[in-house]
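# Structure assessment
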Amino acid sequence: MNKSAVLQCIVERLQVDLDVAVRAAQTAYETATHEENIAENKYDTLGLEASYLAAGQARRVEEIRQSLNLCRQLVLKPFDEQRGIQTGDLIALQADNGTQQLLFLAPDAAGLRVSVEEQSITVITPRAPLGQNLLGKLDGDEVQVVVNGSRQSFEITQIL
């Protein structure tokens, strides 16, 4: 699998998400500022609720825009055995129970899932516990992370 194709898919998905979020933010803003939503008494909170929604949508737009910019600026490098796993690497993990997963270590956009060559890839960041534990590791290394009080172990089976 080509990690350039994975990054391109992530950027395209973030662009679509940004377009949707911008439209939602615009709709929320128009609702909040529409003349029919002016409060007629202290119990009429539709306009206030719409303004809270518009503010939240605007924050979401900025979060996606930041993720998109960081991913666009990411310079992919071949895996370096001297440095181990770094941002921009595509990692295959196998859990103790035998399940496998593909992760792309990106500067932002954590939790985003994309499909490339019919393979599901989850975006994680170095700020996540698993991302922190992966930094500097090599093929064949084992990483552990505690999730909801339960320790989970993974073996790194491939790094691209």
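Residues numbered from 1 in each chain as written. Predicted model: local features only at pLDDT ≥ 70, side-chain atom pairs only at ≥ 80, totals over all residues. Heavy atoms only, no water.

In terms of helices and strands, the protein carries 3 helices and 6 strands. Beginning at the N terminus, the succession of helices and strands in the protein can be written as α-α-β-β-β-β-α-β-β. The globule rule puts the C-alpha radius of gyration for 160 residues at 15 Å, and the 20 Å found for the protein is more than 25% above it. Overall size of the protein, expressed as C-alpha extent along the three principal axes, is 65 × 35 × 25 Å. Here the analysis covers contacts within the protein between residues at least 6 apart in sequence; of these, 53% occur between residues at least 24 apart. (Helix = DSSP H or I, 4+ residues; strand = E, 2+ residues; numbered from the N terminus. Rg over C-alpha atoms; globule rule 2.2 N^0.38 Å. Contact = heavy atoms within 4.5 Å.)

What follows is about a negative patch on the surface. Negative charge collects at one region of the surface, where Asp80, Glu81, Asp96, Asp139, Glu142 and Glu155 lie side by side. Here Glu142 lies in strand 5 (residues 142-147). When its relative accessible area of 49% is taken as the criterion, Glu142 is described as partly exposed. (Patch = residues over 30% accessible without salt bridge, like charges linked within 9 Å, V, L, I, M, F, W, Y side chains within 5 Å. Areas by Shrake-Rupley, 256 points an atom, 1.4 Å probe, with all protein chains shown as cover. Salt bridge = Lys/Arg side-chain N within 4 Å of Asp/Glu carboxyl O. Lys, Arg positive; Asp, Glu negative; His and termini not counted. Charge placed at Lys NZ, Arg CZ, Asp CG, Glu CD. Buried < 20%, exposed > 50% of the residue type's maximum accessible area, 1.4 Å probe, protein only.)

What you see with strand 3 (residues 113-116) is a clean split: Val114 and Val116 sit on the buried side and Arg113 and Ser115 on the side with no burial. In this sheet, strand 4 (residues 119-124) lies alongside strand 3 in antiparallel orientation, the contact comprising 4 bridges. Its bridge partner lying in strand 4, Arg113 is registered against Thr122. Where strand 3 folds back onto strand 4 in an antiparallel hairpin, the turn is made up of 2 residues, including Glu117, whose phi is positive at roughly 50°. (Pairing = 2+ DSSP bridges.)

This next bit is on the side chain of Asp108. Structurally, Asp108 is set in the loop between strand 2 (100-105) and strand 3. Note on Asp108: relative accessible area 13%, which makes it buried. Separated by 3.3 Å, the side chains of Asp108 and Arg127 make a polar contact. (Polar contact = N/O pair within 3.5 Å; in protein donor to acceptor, adjacent residues only side chain to side chain.)

Judged by pairing direction, the sheet is mixed, and its 6 strands sit side by side in the order 3-4-2-1-6-5 without closing on themselves. At either end of the open sheet lies a strand with only one pairing partner, and these are strand 3 and strand 5. Taken pair by pair, the neighbouring strands of this sheet meet at an average axis angle of 40°, ignoring direction. In the sheet, strand 2 pairs with strand 4 via 4 bridges, with the strands oriented parallel. Note on strand 4: the bridge partner recorded for Phe104 is Val123. Those strands touched by helix 1 (residues 3-33) are strand 1 (90-95), strand 2, strand 3 and strand 4, and its axis lies near 130° from that of strand 3. (Axes fitted to C-alpha atoms, helices over the stretch in contact; angles between N-to-C directions.)

Before going further, it helps to examine the pattern of salt bridges. The final tally for this structure, using the stated rule, is 5 salt bridges. Of the charged contacts, one joins Lys3 and Asp89 as a salt bridge, the two residues approaching to 3.0 Å between their closest N and O atoms. Within this pair, whereas Lys3 is found in helix 1, its partner Asp89 is found in the loop between helix 2 (46-73) and strand 1, the two being separated by 86 residues in sequence. In this structure, Lys3 and Asp89 share a single accessibility class: buried. A salt bridge links Arg13 to Asp17; the shortest N-O distance between them is 3.6 Å. Taken together, the positions of Arg13 and Asp17, both in helix 1 and 4 residues apart, correspond to about one turn of that helix. Its relative accessible area of 35% is what places Arg13 among the partly exposed residues.

So, on to the side chain of Ser67. Mapped onto the elements of the fold, Ser67 is located in helix 2. The class for Ser67 is buried, based on a relative accessible area of 7%. Discounting chain neighbours no more than four positions away, the residues touching Ser67 are Leu14, Asp108 and Ala109.

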